[in-house]
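Residue strings, one per chain:
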Amino acid sequence: MSRKLLIRCCLASFFHLLTCSFIFAQQQVSVADYFYFHNREQNFSIRAWIPHGTFSLSSQNQFLLKELCTATISGGYHIKGNAVVLTVSHFGYSKYGLFTISSGYARAFAHRISFGLQVHYLLHHAENYPKRHSLTFDLSLYGRITQKVGVGISAYNPANLRYGLTGKEKIPMCYILMLDYKLNDKVLLAVGASKQLPGFFDVTATVCFRDKFYGFIMDLSLKKMDIQFSFWWKGFQFDLGGGFDYRVGFSPRVGGQYFF
């Protein structure tokens, strides 16, 4: 075989592989998958509807202060409506922060409803103060009413557990209700309501758009506005965005996921 023919065959194979990779990237993440993955922290049970295993890294800088940074690494195994997820995150910096390890299981039943349970270990650390260890959990449900409509509910710390296991200060409880509607293969709309005890009540409207190689999600609530732009290449998803609190300021965020 001549050198030119060999080079031509190699280039043809390379472009064929590249084309297949782009086709795979288009097909593997639907607009519903994109929305579910974005809202996985608000309702853990929707993890059961994501058809791919995931590995993700993300970082957020709250209000452009270096002392208020959050770094998160997460991995999930998904198969036939079952999902097992492990997440490790740290908020703060070397002198003060919150280290969290979360592990959970979600399962879908009869292609209609899913249930999720997630356990959280919390470690508060501050310079010159003893460390404080805490445990809590969250429960969540999500149901597909029709092929286009879904509704979910979640409760964080429903048992009203306390920091330090036996301390006096209670871990805040949070309840979230959300309703989503798939307009077409590219657009999904959602609305949600959340109540933290003690704390605030908030209502959020969401627009989720997914095209061949890019997409975005915009959340608009009573407290803040959040937007995320995403790009897909092969099995990777790259995220860039942030949130704007109406009273405090801007918090940039960057992240990446691999779907396998």
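Up top you'll find the structure we're talking about.
Residues numbered from 1 in each chain as written. Predicted model: local features only at pLDDT ≥ 70, side-chain atom pairs only at ≥ 80, totals over all residues. Heavy atoms only, no water.

A.B. asks: Just to check I follow, could you spell out the overall build of the chain for this structure?
C.D. replies: The helix and strand tally for the chain stands at two helices and 14 strands. Counting all 260 residues of the chain, 40% fall into the buried class. Carbon and sulfur atoms make up 68% of the accessible area of the chain, which totals about 14900 Å². (Helix = DSSP H or I, 4+ residues; strand = E, 2+ residues; numbered from the N terminus. Buried < 20%, exposed > 50% of the residue type's maximum accessible area, 1.4 Å probe, protein only. Areas by Shrake-Rupley, 256 points an atom, 1.4 Å probe, with all protein chains shown as cover.)

A.B. asks: When you look at the packing of aromatic side chains in this model, what are you seeing that I'm missing?
C.D. replies: Any two aromatic rings considered together are summarised by their centre-to-centre distance and by the angle between their planes. Across all of its chains, the model carries eleven aromatic pairs by this definition. Ring centres of W49 and Y142 lie 6.5 Å apart, and the angle between their planes is 70 degrees; this geometry places the pair in the edge-to-face category. Highlighted residues: W49 in the loop between α2 (31–38) and β1 (54–61) and Y142 in strand β6 (residues 129–144), separated in sequence by 93 residues. The residues W49 and Y142 share a single accessibility class, namely buried. Here F216 and F229 contribute two aromatic rings whose centre-to-centre distance is 6.3 Å and whose plane-to-plane angle is 45 degrees, an arrangement assigned as tilted. A residue pair is termed long-range when its members are at least 10 positions apart, and F216 in strand β11 (residues 214–221) and F229 in strand β12 (residues 224–233) qualify at 13 residues. Taken together, the ring pairs connect F35, Y36, W49 and Y142 into an aromatic cluster. Sitting above the plane of the F37 ring, R40 keeps its charged end 3.9 Å from the centroid. Taking the ring centre of F200 as reference, the NZ or CZ of K223 above it sits at 4.8 Å. (Phe/Tyr/Trp six-rings, centres within 6.5 Å; stacked < 30°, edge-to-face > 60°. Lys NZ or Arg CZ within 6 Å of the ring centre and 35° of its normal.)

A.B. asks: Would you take a moment to explain the side chain of R47 for this structure?
C.D. replies: Here R47 shows up in the loop between α2 and β1. For the buried R47, no salt bridge exists, and the shortest N-O distance to an oppositely charged side chain is 7.4 Å, to E41. Setting aside residues no more than four positions away along its own chain, R47 makes contact with F37, R40, T54, S74, H78, A83, V85 and A106. (Lys, Arg positive; Asp, Glu negative; His and termini not counted. Salt bridge = Lys/Arg side-chain N within 4 Å of Asp/Glu carboxyl O. Contact = heavy atoms within 4.5 Å.)

A.B. asks: What's the story with the pairing of β11 in this structure? I'm lost.
C.D. replies: Consecutive side chains along a regular strand alternate between the two faces of the sheet. Where burial is concerned, the two faces of β11 differ: the one with G215, I217, D219 and S221 is buried and the one with Y214, F216, M218 and L220 is not. Bridge analysis of strand β10 (residues 201–210) against β11 gives seven bridges, and the strand direction is antiparallel. From the neighbouring strand, T206 faces β11, where its bridge partner is D219. As consecutive antiparallel partners, β10 and β11 are separated by three residues. Pairing of β11 with β12 involves seven bridges; the strand directions are antiparallel. (Pairing = 2+ DSSP bridges.)

A.B. asks: When you look at the nonpolar core in this model, what are you seeing that I'm missing?
C.D. replies: Proteins that are soluble and globular tend to have nonpolar side chains buried together. Grouped together as the largest cluster of nonpolar side chains are 24 residues, with contacts concentrated most on F35, Y36 and C208. Broken down by secondary-structure element, the contributors of at least two residues to this core are α2, β3 (82–93), β4 (96–109) and β9 (187–197). Residues in contact with F35, not counting those within four places in the same chain, are M178, D180, L188, A190, T206, C208 and I217. (Core = buried A, V, L, I, M, F, W, Y, C linked by side-chain atoms within 4.5 Å.)

A.B. asks: How do you make sense of the pairing of β1 when you look at a structure like this?
C.D. replies: Bridge analysis of β1 against strand β2 (residues 69–79) gives eight bridges, and the strand direction is antiparallel. If you follow N61 over to β2, its bridge partner there is C69. Examined bridge by bridge, β1 and strand β14 (residues 249–259) share seven bridges and lie antiparallel to one another. Across the sheet, the residue bridging to S58 is G255, located in β14.

A.B. asks: What should I look at first to understand the environment of T70 in this one?
C.D. replies: On the secondary structure map, T70 appears in strand β2. T70 gets classed as buried once you look at its relative accessible area, which sits at 18%. For the pair formed by T70 and Y93, sequence separation is 23 residues and the distance between their alpha carbons is 8.8 Å.

A.B. asks: When you look at the pattern of salt bridges in this model, what are you seeing that I'm missing?
C.D. replies: Think of it this way: side chains of opposite charge can pair up when their charged atoms draw near. Counted by the stated rule, this structure contains four salt bridges. In this structure, D185 and K182 form a salt bridge, with 3.8 Å as the shortest nitrogen-oxygen distance. When the shortest N-O distance is used, the salt bridge between R253 and D226 registers 3.1 Å. With R253 in strand β14 and D226 in strand β12, the pair connects residues that are 27 residues apart, well separated along the chain. With respect to burial, R253 and D226 carry one shared label: buried.

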